[in-house]
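The primary structure of each chain is shown beneath.
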Amino acid sequence: MDFSELRTVVEEVELVDGHAHNIVPLDSTFPFIRAFTGASGDALTFSPHSLSFKRNLKDIAELYGCESTLQGVEEYRRVNGIQSICSTCFKSARISTILIDDGFELDKKHYIEWHKNFSPLVGRILRVERVAEQILDEGLPDGSSWTLDSFIEVFVSKLKLLNINVTAAGEIYGFKSIAAYYSGLEINTNVTKNDAEEGLTQVLASGKPVCVANKNLVDYIFLQSLEIAQFYDLPVQIHTGFGDKGLDMRLSNPLHLRAVLEDKRYSKCRFVLLHASYPFSREASYLASNKTVFLQVYLDFGLAIPKLSVHGMISSVKELLELAPLNKVMFSTDGYAFPETFYLGAKKSREVIFSVMRDACIDGDLSIPEAVEVVHDMFARNALHFYKLSSANNDVSLSNNLPQKLNINSLVTNEL
Ligand SMILES: [Zn+2]
């Protein structure tokens, strides 16, 4: 079989990155070693000995033409500066659109608008738990204490207010929930107001900065957000599978979402399960498949690529495709803090998808022309459709490189 056309398409397609985070300047306290690992503290001692760490470091050193050590790459970054390394990384990554969840707190992070220097279209994803925490941190104008009603009133109006701007300026393309980090994905769809009120009291008693990590409150916020997302037909990204320290991975299995997915009140809500749900990729595939009634479940393989070994990346994408429709599976970089993470996400995704598609052709699952279509779908078209970027994306391509004017106003910086 001749895979040259498939290879060319995979290498040349412009990418739509549906899930990423802000980049930080060189003097941020967020250490560069975190580009290669989610570990922190003492665990960092072991990180350099993982397959993905060694491979990703080598790839960056090769891109920069510098010594293949962490010190070598850090020296290159210092000498060249953030603008230059961003240009190098994004030029090679060829990403036409980035959706940024700016609820991931990073020291000195650049505003969303700043990223338009490197990608023509940049949009925002609202992390709902972070919105809640910022509201509770700010307090009520008259200094009185929060009740569930007063909090939810502000929370809902904040999400709605932002969504009025969606229509006007096309800024916000979806919500994101990290319920998996706080109390897991087994959302209680019958959580009562009383339970949530108790949760709120407990959370506030722990002082500031507020962390909403109380299951009843997290579940309540999650369900409120679904109602708004559904009303505005905005998709909801859900953290599933592996993540940073503090995550109880047993509870990030997406099968726990069954009650939410079966609840008629949210039947029109569109979900995307992030991170290939690794290691629950087969479970995610099942949820997105035609074997279930969950038509509204989509899949995203960011983070699994590039944070796993080559075998891990290929096998988890293959597992996603065991049952799921090909038009429900999407690329993202899950890039954060460092432009190198965007570069690695793009580069490794191209390599992995080529390998997976080539094998699908050899196995007889796909013809080469079908595989070519799948490449366009996974890298761009599925996300354009899912996040309704199609109209915003008109004329936005790296070839004409004209930054699309997005009306980022004060509401969409860090003020939430
Ligand atoms: Zn992420």
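What counts and how
- Residues numbered from 1 in each chain as written.
- Predicted model: local features only at pLDDT ≥ 70, side-chain atom pairs only at ≥ 80, totals over all residues.
- Heavy atoms only, no water.
- Phe/Tyr/Trp six-rings, centres within 6.5 Å; stacked < 30°, edge-to-face > 60°.
- Helix = DSSP H or I, 4+ residues; strand = E, 2+ residues; numbered from the N terminus.
- Buried < 20%, exposed > 50% of the residue type's maximum accessible area, 1.4 Å probe, protein only.
- Lys NZ or Arg CZ within 6 Å of the ring centre and 35° of its normal.
- Salt bridge = Lys/Arg side-chain N within 4 Å of Asp/Glu carboxyl O.
- Polar contact = N/O pair within 3.5 Å; in protein donor to acceptor, adjacent residues only side chain to side chain.
- Contact = heavy atoms within 4.5 Å.
- Core = buried A, V, L, I, M, F, W, Y, C linked by side-chain atoms within 4.5 Å.
- Donors = N, O, S within 2.8 Å, 3.2 Å for Na, K, Ca; no water.
- Pairing = 2+ DSSP bridges.
- Axes fitted to C-alpha atoms, helices over the stretch in contact; angles between N-to-C directions.
- Disulfide = S-S within 2.5 Å.

Engineer: Got a sec to walk through the packing of aromatic side chains? Specific residues and values, please.
Structural biologist: If you walk through the whole model with that rule in mind, you get 19 aromatic pairs. When the ring of tyrosine 64 is compared with that of tyrosine 76, the centres are 4.1 Å apart and the planes differ by 10°; the resulting orientation is stacked. One end of the pair, tyrosine 64, is in helix H2 (residues 51–64); the other, tyrosine 76, is in helix H3 (residues 70–93), and 12 residues separate them in sequence. Of the two residues examined, tyrosine 64 and tyrosine 76, each falls in the buried class. One aromatic cluster is present, built from ring pairs that chain together Phe30, Phe32, Phe36, Phe53, Phe104, Tyr336 and Phe338. Above the ring of phenylalanine 354, the side-chain terminus of arginine 7 is found at 4.1 Å from the ring centroid. The ring of phenylalanine 386 carries the charged tip of arginine 270 above its face, separated from the ring centre by 5.2 Å.

Engineer: Now, about the pattern of salt bridges: what can you tell me, with residues and values included?
Structural biologist: Summed over all chains, the structure comprises 28 salt bridges. Aspartate 149 is the partner of lysine 193 in a salt bridge, and the nearest nitrogen-oxygen pair spans 2.7 Å. Of this pair, lysine 193 sits in helix H7 (residues 193–205) while aspartate 149 sits in helix H5 (residues 148–169), and the two are 44 residues apart along the sequence. For aspartate 149, a relative accessible area of 46% translates into the label partly exposed. For the salt bridge of aspartate 377 with arginine 381, the shortest nitrogen-to-oxygen distance reads 2.8 Å. Within this pair, aspartate 377 and its partner arginine 381 are both found in helix H14 (residues 368–386), separated by 4 residues, close to a single helical turn. Judged by its relative accessible area of 17%, aspartate 377 is buried. Within the structure, one salt-bridge network assembled from shared partners comprises Asp59, Lys347, Lys348 and Glu351.

Engineer: Can you break down the side chain of serine 332 residue by residue, with the values?
Structural biologist: Tracing the sequence through the fold places serine 332 in the loop between strand S9 (329–330) and helix H13 (339–363). Among the polar contacts listed, one links the side chain of serine 332 to the side chain of aspartate 300, at a separation of 2.8 Å. In contact with serine 332, other than residues within four places in its own chain, are Asp17, Gly18, His19, Asp300 and Gly302.

Engineer: Tell me about the nonpolar core, and please be specific about residues and values.
Structural biologist: If you look at the biggest cluster of nonpolar residues, it comprises 127 residues, and the most contacted ones within it are Phe151, Phe155, Phe301 and Met357. For this core, the leading source of residues is H13, giving 11 residues. The residues touching phenylalanine 151, leaving out its near neighbours within four places in the chain, are Ala132, Ile135, Leu136, Trp146, Leu200, Leu217 and Ile221. Membership of the second largest hydrophobic core comes to 15 residues, among which are Tyr173, Val272, Met330 and Phe386.

Engineer: Residues and numbers for the coordination of the zinc ion, please.
Structural biologist: Donor atoms from the polypeptide that coordinate the zinc ion comprise His19 (NE2), His21 (NE2) and Asp334 (OD), at 2.1 to 2.2 Å from the metal. In the primary structure, the donors to the zinc ion are separated according to the pattern H-x1-H-x312-D. Here histidine 21 is found in the loop between strand S1 (15–20) and H2, whereas its partner aspartate 334 is found in the loop between S9 and H13, with 313 residues between them in sequence. Exposure remark for histidine 21: the relative accessible area of 4% places this residue in the buried category.

Engineer: Tell me about the sheet that holds strand S5 (residues 236–238), and name the residues and values.
Structural biologist: If you trace the 8 strands from one edge of the open sheet to the other, you get S1-S2-S3-S4-S5-S6-S7-S9, paired in parallel fashion. Lying at the two open borders of the sheet, with one neighbouring strand each, are S1 and S9. Packed on one face of the sheet, helix H8 (residues 215–232) meets strand S4 (172–177), S5 and strand S6 (271–273) and runs near 160° to S4.

Engineer: Which residues make up the state of the cysteines, and what are the values?
Structural biologist: Counted by the stated rule, this structure contains 0 disulfides. Of the cysteine sulfurs around cysteine 86, a residue in no disulfide, the closest is that of cysteine 89, at 6.9 Å. By relative accessible area, cysteine 86 is classed as buried at 0%.

Engineer: Summarise the pairing of strand S2 (residues 95–101); cite the residues concerned and give the values.
Structural biologist: For S2, the tally of buried residues reaches 7 of 7 residues, placing the bulk of the element in the interior. Direction of pairing for S1 relative to S2: parallel, over a ladder of 4 bridges. By the bridge assignment for S2, leucine 15 is matched with isoleucine 95. As defined by bridge partners, S2 adjoins strand S3 (residues 121–127) across 5 bridges and the pair is classed as parallel. Bridged to aspartate 101 within S3 is isoleucine 125.

Engineer: Can you break down the side chain of arginine 34 residue by residue, with the values?
Structural biologist: Inspection of the secondary structure puts arginine 34 in the loop between S1 and H2. Since its relative accessible area comes to 13%, arginine 34 is described here as buried. One polar contact links the side chain of arginine 34 to the main-chain carbonyl oxygen of alanine 39, over a distance of 3.2 Å. If we skip the residues at most four places from it in the chain, arginine 34 touches Ala39, Ser40, Asp244, Tyr336 and Phe338.

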